[in-house]
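# Summary of structural features
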Amino acid sequence: MKFTLSWLKEHLETEASLDEILETLTDLGLEVEGVEDPAAALKGFTIAKVSKAEQHPDADKLRVCMVQTDEGEKQIVCGAPNAREGITVVLAKPGMYIPGLDITISVGKIRGVESHGMMASEREMGLSDEHDGIIELPSGEIGQEFADWLAQNRPGAVDPVIEIAITPNRPDALGVRGVARDLAARGLGTLKPMPDYTLDVTGGACPVSVTIANNATDGCHVFAGRLIKGVKNGPSPAWLQQKLKSIGLRPISALVDVTNLFTHDLNRPLHVFDAGKVAGGLTVHRADGGEAFTGLDEKDYVIPEGALVISDENGVESVGGIMGGLSTGCTEETTDVFLEAAFWDFVSIAHAGRGLKINSDARYRNERGIDPGFNMEGLDRACALIVELCGGEVSEMVVAGDVPDVRRAYRLDTARCSSLVGMEIPAEEQRATLERLGFVMEGDMAHVPSWRPDVLGEADLVEEVARIASLTKLEAKPLPRAQAGVPDPILTPLQKREQVARRTAAALGYNECVTYSFIDQASAALFGGGTDATMVANPISQDMSHMRPALLPGLLQAAARNQARGQGDMALFELGAAWHGGEPEEQHLLISGISVGKTGPKDVHGASRAVDLYDAKADAEAVLSAIGAPAKVQILRGASGWWHPGRHGMICLGPKKVLGVFGEIHPKILREMDVKGPVVGFTIWPAEVPLPRKVGASKGALELQDLQPVDRDFAFVVDAEVEALTLVNAAVGADKAMIADVRVFDEFIGGALGEGKKSIAVTVRIQPQDKTLKDDEIEAISAKVVDKVTKATGGVLRG
């Protein structure tokens, strides 16, 4: 919304500067979006006087002038026909920017004669299109700022234009008076009373009848109007034209300009019909849909079904609350007019406006809310102004419907300002604030004015008080602690694990991905999903029809897109939810990562190599260690079918307690998802990691073994199909308390072992706990290892 500073001061008695007003408007919630200040563009232009003017020695149309300035006498060459001795002019000094010409002048020579500045015309100053000669001022002192002279003698030329943004809940600020009311409530001035008006009703009964059809009573609450006979339409007076031009509106005629004035000045949209073109009475009704209509903007529209329209015997003449029709618009030949004022349903106006794609000032205000209590007074004030400007006789008012009763009152609890907003404002100041905003106080009850549809409860009263007091005065205060001492952790253990897992994966060199929780059915089926239980009822697209059963599909799709764009080496991870059913409890948290391509770029040392499952194993173990998983785990086979059957492992605490899986993705999965392999990855279930038995703010004591470990090597002859992992797990289980680690260091096939046999050699590290082991104790543990491995693999100790 736009208005000028002088327009604002017609409603607000204030001595505040422009900057103070702008700052206060934004602070009140009426955010200033822009300011056009002509005086700022004219800064530096001063008044001077021509003391002597002579013909240029080398040009017939140029004159060499001696000009008295605040810096002494200057020589200026001028080509204006009115440049002569004795006139008072506007001076632009060298180095100044000329807004009308978009240049910066400097000292120069014109036909061999130096010129130290320029005497400006109105067009060069950007004041008008006048350029027949330089500006001649009737008064002014040498050295006086030209902008100051304009403010005293032609204030309209330097009147700042302010544009503010209005939030949907503040329709009262869509008129200049509403803005002035807010500033006065803040204390930036005094709200002037509305000017008196006199309306002589001499035209008798109104011949134009108005009715509201039964299907429109919920959309048009009241429709009122008066006939004005014998008007003489023509251009509006200069003051009215200047107001409208200043905010970007084009003056049309006195009758139309009056309605535009009331729209922007008092937030009272009106419409004026040429009564001579109205056939019969006017009826407000809902459109059947499909009716043709030509608006005042000379565009053709098709009325949507249900839109509120105003019709006469000839058809639709106006779209209610949005735009009038061209067929009954006013022209210079108009002599009788019907001026209407109505109060419309906000939602009905919004629906019709969107259907017609019309964005008019009337629609903008009517769909947000105008003052129903001002309906009749606004109509009468506009009639009085029309009679003053155009003459005529005013008829009696015709009314259909009733002005809605919006009276309501809420209790002002002055103590709630502290609890709701956190500001200490004296009770009397709170009451005074509401009264300045137009509320009527009766004891503790605040009666809401009819122009404030947004105030709907006690909390809104407190909000108004705080807004006027300025929320910039709100002091930050820490919330009180619920209990003394160290506060409880905010994050749950699982949330903490998520945070640590995310940081650890990033520290390992992975880039985090955030993919959709929805994937296509084919991809979901590859990872054990894609069933009806996880089907989305209303999917965004066909490619997002199912909830994801794992995170790996999204990561592989991301890898395929990167490979298609030439990025072959990457490490990606994601932490998020996956679904194995359609119920709330069938959701689980995962962290998954994949590595593709090489471990690094090529180098002269040949350190770059293809990623393998041991890279994935190391990364999975690092993440598990970071989130508190036990150090002693088992590596088992038997993971889901999307893992390579011979190149994967499940990290377990037992056969049924799986913490994670690492390995190579099955080649058939890569082919289906168009990913160039091999690809290794891991998936971890953070919720499966056991919580620590003792929870405290400090870490546990560091446990170091002061007894030297004992290493024993064993070589077992087993069948060729026996996996080394089976042997290692058996050896670890021989004595879980004493055996700290088992590592494979050799494999031999062939030779004297015979067909279908192989030798696997392992190192078993035995860690004493409380005393140094004797030989017989070491031999007993060794025997347990041999016995356990023999039972698990069928192998024998190699001789």
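Here, the structure is the one placed above.
Description of the structure in this document.

Parameters and conventions
Residues numbered from 1 in each chain as written. Predicted model: local features only at pLDDT ≥ 70, side-chain atom pairs only at ≥ 80, totals over all residues. Heavy atoms only, no water. Helix = DSSP H or I, 4+ residues; strand = E, 2+ residues; numbered from the N terminus. Rg over C-alpha atoms; globule rule 2.2 N^0.38 Å. Contact = heavy atoms within 4.5 Å. Areas by Shrake-Rupley, 256 points an atom, 1.4 Å probe, with all protein chains shown as cover. Lys, Arg positive; Asp, Glu negative; His and termini not counted. Charge placed at Lys NZ, Arg CZ, Asp CG, Glu CD. Buried < 20%, exposed > 50% of the residue type's maximum accessible area, 1.4 Å probe, protein only. Pairing = 2+ DSSP bridges. Core = buried A, V, L, I, M, F, W, Y, C linked by side-chain atoms within 4.5 Å. Axes fitted to C-alpha atoms, helices over the stretch in contact; angles between N-to-C directions. Left-handed = near helix turned anticlockwise from the far one by under 90°. Nonpolar A, V, L, I, M, F, W, Y, C, P; charged D, E, K, R; others polar. Polar contact = N/O pair within 3.5 Å; in protein donor to acceptor, adjacent residues only side chain to side chain. Salt bridge = Lys/Arg side-chain N within 4 Å of Asp/Glu carboxyl O. Phe/Tyr/Trp six-rings, centres within 6.5 Å; stacked < 30°, edge-to-face > 60°. Lys NZ or Arg CZ within 6 Å of the ring centre and 35° of its normal.

Check the secondary structure of the chain and you find 21 helices and 42 strands. Against the globule reference of 28 Å for 799 residues, the chain gives a C-alpha radius of gyration of 43 Å, more extended than a compact globule. Its C-alpha atoms give the chain principal-axis dimensions of roughly 125 × 85 × 60 Å. Taking the intrachain contacts of the chain between residues at least 6 apart in sequence as the baseline, contacts between residues at least 24 apart amount to 68%. A total accessible area of about 40800 Å² is found for the chain, and carbon and sulfur atoms account for 50% of it. The distance from the centre of the 80 positive side-chain charges to the centre of the 114 negative ones in the chain is 8 Å.

This part takes up the pairing of strand E21 (residues 308–312). Counted residue by residue, E21 has five buried out of five residues, so it is predominantly covered. In E21, alternate side chains face the same way, and those of Leu308, Ile310 and Asp312 on one face and Val309 and Ser311 on the other are all buried. Where strand E18 (residues 282–286) meets E21, four bridges bridge the pair, whose relative direction is antiparallel. Across the sheet, Thr283 pairs through a bridge with Ser311, a residue of E21. Adjacent in sequence and paired antiparallel, E21 and strand E22 (residues 315–319) are bridged by two residues.

Here we have five strands laid out as an open sheet, ordered E6-E5-E4-E7-E12, and antiparallel in their pairing. Each having just a single partner strand, strand E6 (72–78) and strand E12 (118–119) make up the two edges of the open sheet. Here strand E4 (residues 46–55) runs beside strand E5 (residues 63–69); their pairing, made up of six bridges, is antiparallel. Of the residues in E5, the one forming a bridge with Gln55 is Arg63.

A few words now on the nonpolar core. Ranked by internal contacts, the top residues of the largest apolar core, which has 71 residues, are Phe3, Leu8, Leu25, Ile164, Val179 and Leu183. Considering every element that reaches this core, the biggest residue donor is helix H11 (residues 375–390), with seven residues. When neighbours within four sequence positions are excluded, Leu183 is seen to be in contact with Leu8, Leu12, Ile21, Thr24, Leu25, Leu28, Leu188 and Gly189. Core analysis: the second largest hydrophobic core is formed by 34 residues, Ile303, Val319, Ile358 and Val398 among them.

With that out of the way, let us pick up the packing of helix H15 (residues 493–507) against helix H18 (residues 613–626). H18 packs onto H15 with a crossing angle of 145 degrees between their chain directions and a minimal axis gap of 9 Å. The way H15 lies across H18 gives a crossing that is right-handed. Between H15 and H18, the contacting residues are Val500, Ala501 and Thr504 on the first element and Ala622, Val623 and Ala626 on the second. The residue makeup of the contact of H15 with H18, split by class, is five nonpolar, one polar and no charged.

As for its placement among the helices and strands, Arg381 is situated in helix H11. At 2.7 Å, the side chain of Arg381 and the backbone oxygen of Pro195 are in polar contact. Beyond its immediate chain neighbours, meaning those up to four positions away, Arg381 contacts Met194, Pro195, Tyr197, Phe262 and Phe374.

It is worth spelling out the pattern of salt bridges at this point. Applying the stated rule across the entire model yields 42 salt bridges. Two residues, Glu13 and Lys192, come together in a salt bridge whose shortest N-O distance is 3.8 Å. Here the residue Glu13 occupies a position in strand E2 (residues 12–13), and Lys192 occupies one in the loop between strand E14 (190–191) and strand E15 (210–212), the gap between them amounting to 179 residues. Lys192 gets classed as partly exposed once you look at its relative accessible area, which sits at 27%. As a salt-bridge pair, Arg743 and Asp741 come within 2.8 Å of each other at their nearest N and O atoms. Taking the relative accessible area as the measure of exposure, Arg743 reaches 57% and is therefore exposed. One salt-bridge network, held together by shared partners, links Arg170, Asp172, Asp182, Arg452, Asp454, Glu464 and Arg467.

The next point concerns helix H6 (residues 176–186). Across the 11 residues of H6, 10 count as buried, placing the element largely inside the fold. Taken from the residues just after H6, Gly187 is the one with a positive phi, measuring 100 degrees.

Let us now look at unusual backbone geometry. Omega for the peptide link from Gly677 to Pro678 comes to 0 degrees, which places this bond in the cis form. For Pro678, the position within the fold is in the loop between helix H19 (667–672) and strand E38 (679–684). A positive phi angle is found at Asp674, which is not glycine, with a value near 60 degrees. Inspection of the secondary structure puts Asp674 in the loop between H19 and E38.

Attention shifts here to the sheet that holds strand E28 (residues 440–442). Across the sheet, which stays open at both edges, the three strands sit in the order E27-E29-E28 with antiparallel pairing between neighbours. Edge positions in the sheet fall to strand E27 (409–411) and E28, since each has one partner strand and no second. Across the sheet, the axes of successive neighbouring strands diverge by a mean angle of 25 degrees, strand direction being ignored.

Aromatic rings considered in pairs are described by the distance between their centres and by the relative angle of their planes. A full pass over the atoms with the stated rule returns eight aromatic pairs. Ring geometry for Phe343 versus Phe346: centroids 6.1 Å apart, planes at 80 degrees, classification edge-to-face. Accessibility expressed as a relative area gives 30% for Phe346, which makes it partly exposed. Centre to centre, the rings of Phe714 and Phe716 are 6.1 Å apart; their planes meet at 15 degrees, and the pair counts as stacked. Comparing Phe714 with Phe716, the two get one shared label, buried. Of note, Arg181 hangs over the ring of Trp451, and the distance from its end group to the ring centre comes to 4.2 Å.

The subject of this paragraph is the packing of helix H8 (residues 254–266) against H11. Helix-helix packing: each pair is described by the crossing angle between the helix axes and the interaxial distance. Packing of H8 against H11 leaves a shortest axis separation of 10 Å and a crossing angle of 145 degrees. Read as a crossing pair, H8 and H11 show a hand that is right-handed. Touching Ala254, Leu255, Val258, Leu261 and Phe262 of H8 are Gly378, Arg381, Ala382, Leu385, Ile386, Leu389 and Cys390, all from H11. For the contact of H8 with H11, the residue count by class is 10 nonpolar, one polar and one charged.

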